[in-house]
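Chain by chain, the residues:
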Amino acid sequence: LVALKYSIQINGINSIVLTKLDVLNILDTIKVCHSYDVDGEITTDFLKAQSKNFKPLYKDFPGWRSDISGCRTLQELPEAARKYVAYIQEVVGVPIDVVSVGPDRVQ
């Protein structure tokens, strides 16, 4: 998310299309990198994280372990998937306008 947030800032992005959410269906735990430990300092500054001595820090989310390919609204997603999407949106600071749950156009 640190790299995504940086990309949003430098490119003036005002919303996101989150694709491939369905490929996470099989995971028990989903790890999201939210910041870095750079020589003992915690940072969300992407440029500082380019140091050789950085360690990614993760937040763990429970997987949803269910097929979401039939979901057509955010409310139809499992609660764990909704929390995952909401967290990404909160951290990067722009809305997620579209969530893709499969390869078909209507998904």
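Structural data are supplied above this passage.
Residues numbered from 1 in each chain as written. Predicted model: local features only at pLDDT ≥ 70, side-chain atom pairs only at ≥ 80, totals over all residues. Heavy atoms only, no water.

Novice: Before we move on, could you go through the environment of Asp-37 and cite the residues and values that matter?
Specialist: Take Asp-37: it is sitting in strand S2 (residues 29–38). Here Asp-37 falls in the partly exposed class, since its relative accessible area comes to 22%. For the pair formed by Asp-37 and Ser-51, sequence separation is 14 residues and the distance between their alpha carbons is 10 Å. With near-sequence residues (within four places) excluded, Asp-37 lies in contact with Ile-42, Asn-53, Phe-54, Lys-55 and Leu-57. Looking at Asp-37, its side chain comes within polar contact range of the main-chain nitrogen of Gly-40, at 2.8 Å. (Helix = DSSP H or I, 4+ residues; strand = E, 2+ residues; numbered from the N terminus. Buried < 20%, exposed > 50% of the residue type's maximum accessible area, 1.4 Å probe, protein only. Contact = heavy atoms within 4.5 Å. Polar contact = N/O pair within 3.5 Å; in protein donor to acceptor, adjacent residues only side chain to side chain.)

Novice: Give a detailed account of the nonpolar core, specifying residues and quantitative values.
Specialist: Leu-21, Ile-30, Val-32, Trp-64, Ile-68, Leu-77 and Tyr-84 are the most contacted members of the largest nonpolar core, which totals 23 residues. For this core, the elements supplying multiple residues, two or more each, are strand S1 (16–18), S2 and helix H2 (79–92). By residue number, the principal contributor to this core is H2, which donates seven residues. If sequence neighbours within four positions are ignored, Trp-64 has contacts with Leu-21, Leu-24, Asn-25, Leu-27, Ile-30, Pro-78, Ala-80, Ala-81 and Tyr-84. Among the nonpolar cores identified, the runner-up in size contains five residues, and Val-2, Tyr-36, Val-38 and Ala-49 belong to it. (Core = buried A, V, L, I, M, F, W, Y, C linked by side-chain atoms within 4.5 Å.)

Novice: How would you sum up the pattern of salt bridges? Please name residues and give values.
Specialist: Counted under the stated rule, the structure contains three salt bridges. Between Arg-65 and Asp-28 there is a salt bridge; the shortest N-O distance is 3.1 Å. In this pair, Arg-65 sits in the loop between strand S4 (54–62) and H2 while Asp-28 sits in the loop between S1 and S2, placing the two residues 37 residues apart along the sequence. One salt bridge in this structure joins Glu-79 and Lys-83, with 3.2 Å as the shortest N-O distance. In this pair, Glu-79 and Lys-83 both sit in helix H2, four residues apart, roughly one turn of the helix. Glu-79 gets classed as partly exposed once you look at its relative accessible area, which sits at 48%. (Salt bridge = Lys/Arg side-chain N within 4 Å of Asp/Glu carboxyl O.)

Novice: Explain the layout of surface pockets residue by residue, including any values.
Specialist: Counted as a void, the largest pocket has a volume near 240 Å³. Along the wall of the largest pocket there are 16 residues; nearest its centre are Thr-73, Leu-74, Leu-77, Val-98 and Val-99. A class-by-class count of the residues in the lining of the largest pocket yields ten nonpolar, three polar and three charged. (1 Å grid on protein atoms, 1.4 Å probe; cavity = no way out; pocket = protein on both sides within 12 Å on 5 of 7 lines; lining within 4 Å. Points joined across faces, edges and corners; volume = space filled by probe spheres on them. Nonpolar A, V, L, I, M, F, W, Y, C, P; charged D, E, K, R; others polar.)

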